There are 4 protein chains.
Amino acid sequence: MTSNAIESSSPLAERQIVVTLGCPDATGIVAKLASYVATSGGCIVEAHYFTDPHSGWFFTRQAVRADSLEIPVDDFTTGIGEIAEELGHNVRWRVWDTARPKKAVILVSKEGHCLHDLLGRVDQNDYPMEVAAVIGNHDVLRRTAENHNVPFHHIPFPKDAVGKRKAFDKVSEIVQSHDPDAVVLARFMQILPPDLCEMWEGKAINIHHSFLPSFMGARPYHQAYQRGVKLIGATCHYATSDLDDGPIIEQDVIRISHKDTPSDMQRLGRDAEKIVLARGLRYHLEDRVQVYGNRTVIFD
Amino acid sequence: MTSNAIESSSPLAERQIVVTLGCPDATGIVAKLASYVATSGGCIVEAHYFTDPHSGWFFTRQAVRADSLEIPVDDFTTGIGEIAEELGHNVRWRVWDTARPKKAVILVSKEGHCLHDLLGRVDQNDYPMEVAAVIGNHDVLRRTAENHNVPFHHIPFPKDAVGKRKAFDKVSEIVQSHDPDAVVLARFMQILPPDLCEMWEGKAINIHHSFLPSFMGARPYHQAYQRGVKLIGATCHYATSDLDDGPIIEQDVIRISHKDTPSDMQRLGRDAEKIVLARGLRYHLEDRVQVYGNRTVIFD
Amino acid sequence: MTSNAIESSSPLAERQIVVTLGCPDATGIVAKLASYVATSGGCIVEAHYFTDPHSGWFFTRQAVRADSLEIPVDDFTTGIGEIAEELGHNVRWRVWDTARPKKAVILVSKEGHCLHDLLGRVDQNDYPMEVAAVIGNHDVLRRTAENHNVPFHHIPFPKDAVGKRKAFDKVSEIVQSHDPDAVVLARFMQILPPDLCEMWEGKAINIHHSFLPSFMGARPYHQAYQRGVKLIGATCHYATSDLDDGPIIEQDVIRISHKDTPSDMQRLGRDAEKIVLARGLRYHLEDRVQVYGNRTVIFD
Amino acid sequence: MTSNAIESSSPLAERQIVVTLGCPDATGIVAKLASYVATSGGCIVEAHYFTDPHSGWFFTRQAVRADSLEIPVDDFTTGIGEIAEELGHNVRWRVWDTARPKKAVILVSKEGHCLHDLLGRVDQNDYPMEVAAVIGNHDVLRRTAENHNVPFHHIPFPKDAVGKRKAFDKVSEIVQSHDPDAVVLARFMQILPPDLCEMWEGKAINIHHSFLPSFMGARPYHQAYQRGVKLIGATCHYATSDLDDGPIIEQDVIRISHKDTPSDMQRLGRDAEKIVLARGLRYHLEDRVQVYGNRTVIFD
């Protein structure tokens, strides 16, 4: 009984085949790709190109209207793969059929604003994601998850190293059982161990409640208060084994004043956190992000 | 089992007595008020003053720590009333004890992002409001309301004038039964009849999905698309009998580009709408808004 | 004696050949263009593509490193022209060699902030423009222009229609003598007559001191004050015979409060005006703007 | 021949007496001050109060219409001083008659955008400042200063410590000869020695081209590029002997993308730098800033 208005505004209302590719730059790559797409009958809906002048890498994202392709998607994908192979051994490429929704597992602690916001977007058919499970190190947000018909797993995290490791193993097991496209740390207050960072490289997405690299680590709003800044921020980034130092996907700030205590900042900052996470995660889910070194190309 | 972090960031964690007053300006008003507060032992936590140079009106909002008052709140209120009387017959004043939470009724249609966002804030103990009821002219958002333990009333709106009027009478009856501090039009797609605007003057709060006064009326995102603007916005304002022309409480904008269709704007605009409504409504609930003519003073 | 730091940040430090093209969309255009560029040895530095789903028009801007071309620029241009011809009779295309700087004439009245800002950018080698002349309907800003070694022409504007028309003819004569790429209305307070709008179509760029379409016409800050908005703005747009209704290039806003009088808004708004004009005009000068209907594609 | 419109928007068009005061909080301070102002006939145009909950300090700024005072300004000042004395020995207070313009000396290096912007504001009667002198460690910006009839002093800075110290002594001598209210480091690329920081405590105002505390020290845009941030910023702060660590007055950010090189950031960042410096310096000049610890209260 959802209105047409809402349905029609779904970002993926129209089925698309999305090609992403990154490789060392060379003359003629665009021509080669564009010719192949044209030969396949593909009508390009959105096309982005970028060459990084420092690394000399070339990146592209091209979205083709699925119904314009005159060959099966599998054959099209094979063809793109052949071009990629010609371009060199270290080419990174992917073809995504938007008919296959992206899947996420969300890790949380006690603060529910990011989880609530994401589940609301999904529920209103406004976000390109299926949430397979929510895992909490506290049981606080069970109702939030279950209200949206998403299974909730409570995995308590003991304070000792061994207990913590076991808890992470259980988290990992649940996550892996879903083979998700994204592992979302939605104000999950535990630091991922290096092996999980590695296993989920390019998939684990964190929201940090500061404008990184300012105020890394614990209690960023208290740090911000101490320093007397006039804006506070939030940063959505890939989690790596270097805490709060992974490739940044999206950031934003909000203005504060001398009147705002750390508690006020927490309250005000929640809006930045949830919006920045939702934007950054959307880029990831729609294959709009490509990582090189510690930087990201965002084809928005 | 909510964390301390969340509790302590509640804007009203500390009980306050909030005095608001507006009157024609004259020398000595601040002295009179401040002396009275000091005599009562009141410790002022937050004080705002403003004199409008054009109308010559004076406005103030003062928040006193409740536990600092050496006299009962009722006596304090009586004292403020006596000062107000001395200041003239057209003085507008109020004393609000934050121990009494503000009550709202929320009117909705089919789009749930504003409702979902507000209920999430309340649920997370992050918003100074109790929601007495949600009324929808469609039955779409029942689950959203009931998930947060808020009663939902479905009042269908026929297209004919008589049927519509009857529906409004039912809405009005439910609203009045709760005697709310705010009647929130959270993307309620029906135009309030003048008598309801009058009855709820200074209480009925609408979110319009444009940067007013641009794109008043229907389908503002389509209007924005036609005009080719580079930013879209949202406006939180008091509903009056002049459609989309009431006193503005809060506004914000987000950047768009030539790539964004009206559907994209709808999707992007939802974030502006929910954030702007939440900010504007908070100002209203915390007695931070004073209206004069078609303008508002916001003591933030 | 300017520092290297400044020189190296010039947007056009590296000579580029910039191709812009707009035509009805069809499969294979990108392939055709990209193949031609590749065949010519061209190394693409920046490439943008956009197809408007409503009008079905395709737009592109491609910047090629001049020293990568293996054929003379004139031959390259001829080749692009031949492709354009194949694409249809209503194709709009252009090839710009950034070695040829763009030329502007600036029209002003009494307020100097936009003129001062633009001339400062040019002076600091930070803007892709040569200013051929400044024309003022008052003599106020002569020193500002002459300080930057730009000739200033004072053309007084009488109030009667005949006198005004004569003044416009003189303005037009000076402007035309320079054959400029841009006619910049930098807070020029006179309304261009339709014939000049037509003659300078796609070249005459105005800065209006409001967030259009709000507050068109005279005294927008006073209108904004009356309406009680919480943000004020500025809009850079192409001047057309419909006053303040031409295609929008760039817009921005700044936050104000109930304390701000129209005079405060004038002061605060100047920063928005000068920044928005500088951004929008830069897009125009760098061939980043393409107009279709009343909308603009901005390839930034 | 300047227009009325410009004159009337001058922030100090109306002569005001501005009282600022900071002291340990106690009940009744507002009453005492307000009573005194009222007794003196003072009509308060603007009043701000703030009590910092952590330090327990109280701050106020009150602007009185000069022509409303029924006693001479000197007597009024004496009266305020007497109240201050009653409030304790560590009270910090000041009375400023806006009829006395604030005086500044500006230190520059080679980049002229901040200097050009400030001088333009002063020139257009749009800024509450007189510029007594500009001092450059290079001779690059002489013409910019002299175009605005401001004397320019070129003090070359040798690379050796002794030579540098001598240069600083000359700078200090010129600065001190003007007894300025502000020493503005407008992209002055030399680090002030501790004794000058101390001598100009609360007067030396720097613009740093990053969002502090991110990217302190040299080449912040290159640091920002390395880190891959999505916003860059600028910070206006008091210079102290801790480099880039003094109390922050104002900050702002602008959005960048993966396409922006350090050179692009330099170009884009200049707009943030000049606007943020102009705003922060204005707060300082209008006695809107009060420092406590490493934080600032901004009464805007």
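Residues numbered from 1 in each chain as written. Chains lettered and ligands numbered in written order. Predicted model: local features only at pLDDT ≥ 70, side-chain atom pairs only at ≥ 80, totals over all residues. Heavy atoms only, no water.

## Looking at the interface of chain B and chain A
Right, so step 1: Contact residues are listed per partner, giving 35 residues for chain B and 35 residues for chain A.
Right, so step 2: Of the roughly 3100 Å² buried where chain B meets chain A, counting both sides, 45% is carbon and sulfur surface.
Right, so step 3: Inspection of the region where chain B meets chain A yields eight salt bridges.
Right, so step 4: Ionic pairing is found between Asp126 of chain A and Arg270 of chain B, a salt bridge with its closest N-O pair at 2.9 Å.
Right, so step 5: Across the contact surface, chain B and chain A share 16 residue pairs in polar contact (both at pLDDT 80 or more). (Contact = heavy atoms within 4.5 Å. Buried area = accessible area lost by both parts, 1.4 Å probe. Salt bridge = Lys/Arg side-chain N within 4 Å of Asp/Glu carboxyl O. Polar contact = N/O pair within 3.5 Å; in protein donor to acceptor, adjacent residues only side chain to side chain.)

## Some thoughts on the environment of Val134 of chain C
All names here are of chain C.
Right, so step 1: Its place among the elements puts Val134 in strand S6 (residues 130-136).
Right, so step 2: It is 30 Å that separates the C-alpha atoms of Val134 and Gly293, two residues lying 159 residues apart in sequence.
Right, so step 3: Not counting residues within four places of it along the chain, the set of residues in contact with Val134 comprises Ile106, Val108, Leu115, Ala145, Val150, Pro151, Phe152 and His153. (Helix = DSSP H or I, 4+ residues; strand = E, 2+ residues; numbered from the N terminus.)

## Some points on unusual backbone geometry
Residues and elements named next belong to chain A.
Right, so step 1: The step from Leu212 to Pro213 runs through a cis peptide bond, and the omega angle for that step is 10 degrees.
Right, so step 2: By the element assignment, Pro213 lies in the loop between strand S9 (204-208) and helix H8 (220-227).
Right, so step 3: Its identity as a non-glycine residue notwithstanding, Asn125 has a phi of 60 degrees, on the positive side.
Right, so step 4: Positive phi is not limited to glycine here, since Phe215 has a value of about 60 degrees.
Right, so step 5: Within the secondary structure, Phe215 sits in the loop between S9 and H8.
Right, so step 6: Residue classification places Phe215 among the buried residues on the basis of a relative accessible area of 11%. (Buried < 20%, exposed > 50% of the residue type's maximum accessible area, 1.4 Å probe, protein only.)

## Observations concerning the sheet that holds strand S10 (residues 231-238) of chain A
Residue and element names in this part refer to chain A.
Right, so step 1: Read across the open sheet, the seven strands follow the order S7-S6-S5-S8-S9-S10-S11; overall the sheet is mixed. The open sheet has two edge strands, strand S7 (152-154) and strand S11 (248-255), and neither has a second partner. Neighbour to neighbour, the strand axes of the sheet diverge by 15 degrees on average, direction disregarded. (Pairing = 2+ DSSP bridges. Axes fitted to C-alpha atoms, helices over the stretch in contact; angles between N-to-C directions.)

## Here's the deal with the packing of aromatic side chains
The geometry of an aromatic ring pair is captured by two quantities: the separation of the ring centres and the angle between the planes.
Right, so step 1: Counted under the stated rule, the structure contains 36 aromatic pairs over all chains.
Right, so step 2: Seen from their ring centres, Tyr49 of chain A and Phe58 of chain A are 6.1 Å apart, and the 35 degrees between their planes marks the pair as tilted.
Right, so step 3: Its relative accessible area of 8% is what places Tyr49 of chain A among the buried residues.
Right, so step 4: Pairing Trp57 of chain D with Phe59 of chain D gives two aromatic rings, centres 6.2 Å apart and planes at 35 degrees, and the pair type is tilted. Comparing Trp57 of chain D with Phe59 of chain D, the two get one shared label, buried.
Right, so step 5: Taken together, the aromatic side chains of Tyr49 and Phe58 of chain A together with Tyr49 and Phe58 of chain C make up a single cluster linked through ring pairs. (Phe/Tyr/Trp six-rings, centres within 6.5 Å; stacked < 30°, edge-to-face > 60°.)

## A closer look at the domain arrangement of chain A
Interface size is commonly expressed as the accessible surface area that is lost when the partners come together.
All names here are of chain A.
Right, so step 1: What the domain assignment reports for chain A is domain 1 (4-97) and domain 2 (103-298).
Right, so step 2: If you average the C-alpha positions of domain 1 and of domain 2, the two centres end up 29 Å apart.
Right, so step 3: In this complex, domain 1 contributes 20 residues to the contact, which on the side of domain 2 involves twelve residues.
Right, so step 4: Summed over both sides, the interface of domain 1 with domain 2 buries roughly 1300 Å², with 50% coming from carbon and sulfur.
Right, so step 5: Remark: the boundary between domain 1 and domain 2 carries two salt bridges.
Right, so step 6: Between Asp287 and Arg94 there is a salt bridge, and its shortest N-O distance comes to 3.7 Å.
Right, so step 7: Applying the counting criterion to the domain 1 and domain 2 interface returns six residue pairs in polar contact (both at pLDDT 80 or more). (Domains from an automatic or database assignment.)

## Some thoughts on the sheet that holds strand S8 (residues 182-185) of chain C
Residues and elements named next belong to chain C.
Right, so step 1: The strand order across the open sheet formed by seven strands is S7-S6-S5-S8-S9-S10-S11, and the pairing between neighbours is mixed. Taken across any chain shown, the strands that pair with only one partner, and hence form the sheet edges, are strand S7 (152-154) and strand S11 (248-255). Looking at each pair of strands side by side, their axes are set apart by 15 degrees on average, direction ignored.
Right, so step 2: Judged from the three bridges that link them, S6 and S7 form a sheet pairing that is parallel. Bridge assignment links Gly136 to a residue of S7, and that residue is His154.

## Remarks on the relation of the copies chain A and chain D
Right, so step 1: Between chain A and chain D, which share one sequence, the superposing operator has a rotation angle of 180 degrees and an axial displacement of 0.0 Å; the RMSD is 0.0 Å. Read as a symmetry element, the transformation amounts to a two-fold axis. By C-alpha distance to the rotation axis, the residue of chain A lying nearest is Ser214 of chain A, at 2.5 Å.
Right, so step 2: Most of the interface of chain A is mirrored in chain D, where 100% of its interface residues again form contacts. (Least-squares fit on C-alpha atoms with pLDDT ≥ 70 in both.)

## Regarding the interface of chain A and chain D
Right, so step 1: Contacts between the two partners involve 38 residues from chain A, matched on the other side by 39 residues from chain D.
Right, so step 2: When the two sides are added together, the surface that chain A and chain D hide from each other amounts to roughly 3200 Å², 53% of it contributed by carbon and sulfur.
Right, so step 3: Looking at the side of chain A facing chain D, the largest losses of area belong to Arg227, His258 and Arg295 of chain A, adding up to 25% of the total buried there.
Right, so step 4: Summed over the shared surface of chain A and chain D, the result is six salt bridges.

## What to know about the relation of the copies chain B and chain A
Right, so step 1: With an RMSD of 0.0 Å, chain B superimposes on chain A once it is rotated by 180 degrees and translated 0.0 Å along the axis.
Right, so step 2: Both copies present the same face, since 100% of the interface residues in chain B are matched by interface residues at the equivalent positions in chain A.

## Looking at the side chain of Asn137 of chain C
All names here are of chain C.
Right, so step 1: Within the secondary structure, Asn137 sits in the loop between S6 and helix H5 (142-147).
Right, so step 2: Note on Asn137: relative accessible area 6%, which makes it buried.
Right, so step 3: Reaching out from Asn137, the side chain makes a polar contact with the side chain of Ser109 at a distance of 3.1 Å.
Right, so step 4: Apart from the residues within four sequence positions on either side, Asn137 is in contact with Val108, Ser109, His154, Ile155, Pro156, Phe157, Phe188 and Gln190.

## What to know about the UniProt feature "domain: Formyl transferase N-terminal" (unreviewed entry) in chain A
Right, so step 1: With numbering aligned to this structure, UniProt lists the feature "domain: Formyl transferase N-terminal" (unreviewed entry) at residues 102-279 of chain A.
Right, so step 2: Each end of residues 102-279 of chain A is marked by a C-alpha atom, and these two atoms are 15 Å apart; helix forms 38% of the span and strand 23%. (UniProt positions renumbered as here; feature names shortened; annotations may be inferred.)

## Quick notes on the UniProt feature "active site" (unreviewed entry) in chain A
Right, so step 1: Feature annotation in UniProt places "active site" (unreviewed entry) on Asp244 of chain A, given in this structure's numbering.
Right, so step 2: Tracing the sequence through the fold places Asp244 of chain A in the loop between S10 and S11.
Right, so step 3: Judged by relative accessible area, which is 6%, Asp244 of chain A ranks as buried.
Right, so step 4: Setting aside anything within four residues of it in sequence, one finds Asp244 of chain A in contact with Asn206, His208, Leu212, Met216, Gly217 and His237 of chain A together with Arg227 of chain D.
Right, so step 5: Of note is the side chain of Asp244 of chain A, whose polar atom sits 3.4 Å from the side chain of His208 of chain A.

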